[in-house]
Amino acid sequence: MSGFRLFDLNPEQFRAATHPDGPMLILAGAGTGKTRVLTARIAWLVSQGVEPSSILAVTFTNKAAKEMRERVAATVNSEQAKQITLSTFHALCVRLLRKHAHLLGYKENFSIFDEGDQMGLVKKIAARIHDKQDPIDPNLARNIISKAKNLGMSEPETTDTALGSLFSKYQNELRTLNAMDFDDLLLQARTLLRDHPEARDEWRSRYRHIMVDEFQDTNKLQLELVSLLAGEERPNICVVGDDDQSIYGWRGAESANLLEFERHFPDPEVIKLEQNYRSTDIILSVANRLIRNNSKRRGKNLWSDRKEGDPVRILLASDDKAEAEFIADEIQAAGPQSAKARPWTDFAILYRMNAQSRQFEEVLRERRIPYRVVGGKSFFDRREVKDVVAYLGALLNPDDDNALLRVLANPPRGIGSATLQLATEAGAKNRKSLLAILNDPEHLAVSSSRTRIAIQRFTEDWGTYRIQLQTPGTDISGLLRGLLEECGYYEDLKKSCKTEAESDGRQENVHELLNALAGYCQRHPREGARGFLDGLTLEQEREEEKAEEREGVTLITLHAAKGLEFPDVWLVGAENGVLPHERSKAEGTVEEERRLLYVGITRARHRLTITHCSTRRKFGSVSSCIPSPFLLELQGEGVETGSVEEILSQPLSEEESEDAFARMKAMLRGE
DNA sequence: GAGTTGCTTCTTTTT
DNA sequence: GAAGCAACTC
């Protein structure tokens, strides 16, 4: 018998964990222990003799997948844990597609385009179309295409409009590049399972128990995928979700998937989890008071038996700088060096937009308070990382012109934009990849002999590397290292840096990446470099593992905070236009913003502080703010309003002044 | 062909 | 207040 302890579960949780078969819908409010239930359920299934390899658990984010994997690993034995499929939708689709890509007219080594690649391609095509009458806004176009794909459309309804023609060209281009964007992963996987019975049957017979976490965040395509995998007759499908935490509508998520679960999977067992084990009663009552204002709800009543607790504070700061300073003060006053001696990891600052993190980073850095920024752009966005990723991508998929273009430009090789434009055109005309064109200069009317030599030199070198790559047992990391060395990449990288330190840092990043690649290839010989690259593109969080370990205050967006909890939370920037975000007001999705605030509130275990400012630097210049209308909805018992200045002007308690004194002494000693 | 400068434009949230 | 882009010089 495995080590899971069903007696730790409350009656509803127990019922969910031990439901034998058929569809099940678990409505799990914030903090009601849904991950725990899912984990317990997996353990229970295994204990009942269910084959671990026939269990599929799908989560929405990598973070959630990782957490679940860890928890499962702690409950069933490691051999069994390994056989369970636990992944995100996207990762699962990649797995299916890598195996069956040929059925869809792709090659198995297809590239995955991230948002940047996607944007680049849309821009390129938009420029090519260049309709003077109605010029295309690439951003908008990309959005519309993405939405359409998430509704299951693989091509436009008409190619008569500029947008429709762009959509169709975009899709064709991706195909010639042997590439899929994030949406394609879902879309093509759906098409695969829908139109190819042999593939469908294979996966359907493999997965006998399917679990989907955060079901309110699934879109039409994902529901379709799940249905296809589950099969028709009373499948063992178990979904968990909370309509009040549906915050991905902008990405096509349909909370109707959750709300109308019965329509897709008739006669399910329905279980409501309403006892919250996370927050104080006060915090929950404030959260409940807020979410009541939403119209489309399944409705539930979260409660907690933790009656003690501080009131929720709503505080006004004069500006965003004061807001950050104040919070840093409070964190310092309760942190490890204070009498309260709480670890930095107890504290979290939650905001609506990534851009808001900067102010806090600055202030925290000044005070030497360790912090970690979750999400945002980081490792993957760095130039040198993108470069190396492009090298790897171009090596693995010779059709990936995009990656090759980046390679060609870094370091400069005497093949410039004019030549490349020519080559790209020739490629389009002859339906050949950029690399093929360069390899075969017949197609290329290059004038200067210098350019011709440059091309020849590149293709010869590149050819030898590709041959080496195909030799079984090649150490790809080493190969890449040598390649970067020989082509002068490092020198070019160094030249582009202003300081020695910057250069070292960037080079270090490259090495880190190469080491990670080597490590991955060793651990997963079957997936190899391709798998590494997939993980990198899908996760975009290489650094996360390191960041996770670092002790510090957490800076995180409200979206990314879902699923997490912290003892002490500051929810900042509760202003009209920021918290209901300006754009969401225009788009009529204010209810989703309310849910976002709800998610934020329910992250707090013991203490919650909501702040807003009178003025804020926006766009670089100062503009005045009015409080979020949501703040009025929060008002009531258990809520205390005031201003940052008021609190700062209150005399310090004895304990706090001692702390301040000790800090000052420490500072005088030089930390 | 490569690199630099100064101009513009916007910014939600994420796989 | 940064990041992308066009025009400019070497």
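Along every chain, residues carry numbers that run from 1 in the direction the sequence is written. Whichever chain is written first is A, and whichever ligand is written first is 1; the rest continue in order. Since the coordinates come from a predicted model, pLDDT governs what is reported: local features require at least 70, and pairs of side-chain atoms require 80 or more to be given and counted, while whole-chain, interface and lining totals use all residues. Side-chain descriptors were evaluated using all non-hydrogen atoms of the structure, hydrogens and water having been removed beforehand.

J.: Which residues make up the overall build of chain A, and what are the values?
T.: Across its full length, chain A holds 32 helices and 16 strands. Oriented by its inertia axes, the alpha-carbon framework of chain A measures out at about 80 × 65 × 55 Å. The buried share of chain A, reckoned over its 671 residues, is 52%. Excluding contacts between residues fewer than 6 apart, the proportion of contacts in chain A whose partners are at least 24 apart in sequence is 78%. The charge count includes Lys and Arg as positive and Asp and Glu as negative, but it does not include His or the ends of the chains. Positions of charges follow a simple convention, taking NZ of Lys, CZ of Arg, CG of Asp or CD of Glu. When the 91 basic and 104 acidic side-chain charges of chain A are each reduced to a single mean position, those positions are 2 Å apart. Under the scheme used here, helices are H or I runs from DSSP no shorter than 4 residues and strands are E runs no shorter than 2 residues, and both carry numbers assigned from the N terminus. Here's how the labels work: a residue is buried when its accessible area is under 20% of the maximum for its type, exposed when over 50%, partly exposed in between, all with a 1.4 Å probe on protein chains only. Here, two residues are considered to be in contact whenever any of their heavy atoms come within 4.5 Å of each other.

J.: An account of the protein's contact with DNA strand B is needed here, citing residue identities and associated values.
T.: Looking at DNA strand B, there are 27 residues lining it, with Arg352, Asn354, Thr419, Arg583 and Phe619 nearest. In the analysis that follows, any N or O atom pair within 3.5 Å is treated as a polar contact, provided that within protein one partner can donate a hydrogen and the other can accept it, and provided that, for residues neighboring in sequence, both atoms belong to side chains. Histidine 90 is positioned with one of its side-chain polar atoms (N or O) 3.1 Å from a base oxygen of DNA strand B. Take histidine 581: an N or O atom from its side chain is 3.5 Å from a sugar or linking oxygen of DNA strand B. Counting residues per element, the ones that place at least two in the surface near DNA strand B are helix H19 (417-430), helix H27 (558-561) and helix H28 (582-587). Amino acid classes used here: Ala, Val, Leu, Ile, Met, Phe, Trp, Tyr, Cys and Pro are nonpolar; Asp, Glu, Lys and Arg are charged; the rest, including Gly, are polar. Broken down by class, the residue content of the surface near DNA strand B amounts to 11 nonpolar, 10 polar and 6 charged. Working definition: residue near molecule or strand if any one of its non-hydrogen atoms lies within 4 Å of it.

J.: Tell me about a negative patch on the surface, and name the residues and values.
T.: Together, Glu460, Asp461, Glu485, Glu486 and Glu491 make up a region of like negative charge exposed at the surface. Those elements that provide at least two residues to the negative patch are helix H21 (449-470) and helix H22 (476-486). Only residues whose relative accessible area exceeds 30% and that take part in no salt bridge are eligible for patches, with like-charged residues grouped when within 9 Å of each other and nonpolar side chains (Val, Leu, Ile, Met, Phe, Trp, Tyr) grouped when within 5 Å. Surface exposure here means Shrake-Rupley accessible area, sampled with a 1.4 Å probe, where a residue is shielded only by the protein chains that are shown. Salt bridge, as applied in this entry: a Lys or Arg side-chain nitrogen positioned within 4 Å of an Asp or Glu carboxyl oxygen.

J.: An account of the packing of aromatic side chains is needed here, citing residue identities and associated values.
T.: Geometrically, a pair of aromatic rings is defined through the distance of the ring centres and the angle of the planes. Note on ring pairs: Phe, Tyr and Trp rings are taken, using the six-membered ring of Trp, and paired if centres are within 6.5 Å. Classes follow the plane angle, with under 30 degrees stacked, over 60 edge-to-face and the rest tilted. What the rule picks out here adds up to 11 aromatic pairs. Between phenylalanine 458 and tryptophan 462, the ring centres sit 5.4 Å apart and the planes meet at 20 degrees, which makes this aromatic pair stacked. Of this pair, phenylalanine 458 and tryptophan 462 both sit in helix H21, 4 residues apart, which is roughly one turn of that helix. The residues phenylalanine 458 and tryptophan 462 share a single accessibility class, namely buried.

J.: Let's hear about the protein's contact with DNA strand C: which residues, and what values?
T.: Around DNA strand C, the neighbouring residues are Lys123, Arg358, Phe619 and Gly620. The share of sugar and phosphate among atoms of DNA strand C within 4 Å of the protein is 36%. One of the side-chain N or O atoms of lysine 123 is found 3.2 Å from a phosphate oxygen in DNA strand C. One nitrogen or oxygen atom from the main chain of phenylalanine 619 is found 3.0 Å from a base oxygen belonging to DNA strand C. Within the surface near DNA strand C, the residues separate by chemical class into 1 nonpolar, 1 polar and 2 charged.

J.: Give me the lowdown on the nonpolar core, citing residues and values where you can.
T.: The definition of a nonpolar core used throughout is a set of buried Ala, Val, Leu, Ile, Met, Phe, Trp, Tyr and Cys residues joined through side-chain atoms within 4.5 Å. Membership of the largest hydrophobic core comes to 47 residues, with the highest contact counts inside it found for Leu392, Leu404, Trp462 and Leu480. The element contributing the most residues to this core is helix H17 (residues 383-396), with 9 residues. For leucine 480, the residues in contact, after removing those within four places along its chain, are Val388, Tyr391, Leu392, Leu395, Leu514 and Leu517.

J.: Please set out the pairing of strand S15 (residues 621-624) residue by residue, giving values where relevant.
T.: Consecutive side chains along a regular strand alternate between the two faces of the sheet. Relative to S15, strand S14 (residues 604-618) runs antiparallel, the two sharing 4 bridges. Among the inter-strand pairings, threonine 615 is bridged to a residue of S15, identified as serine 624. Adjacent in sequence and paired antiparallel, S14 and S15 are bridged by 2 residues, among which phenylalanine 619 carries a positive phi angle near 65 degrees. When DSSP finds at least two bridges between two strands, those strands are taken to pair.

J.: So what about the pattern of salt bridges? Which residues, and what values?
T.: This structure, assessed with the given rule, holds 44 salt bridges. When the shortest N-O distance is used, the salt bridge between aspartate 281 and lysine 307 registers 3.7 Å. Of this pair, aspartate 281 sits in helix H14 (residues 281-291) while lysine 307 sits in the loop between H14 and strand S9 (312-319); the two residues are 26 residues apart in sequence, bridging distant segments of the chain. The partly exposed category is assigned to aspartate 281, whose relative accessible area is 26%. You can call lysine 307 exposed: its relative accessible area is 57%. A network of salt bridges, in which partner residues are shared, links Arg313, Glu330, Arg342, Asp346, Asp568 and Arg607.

Without other data, these values stay purely geometric and don't point to any function.
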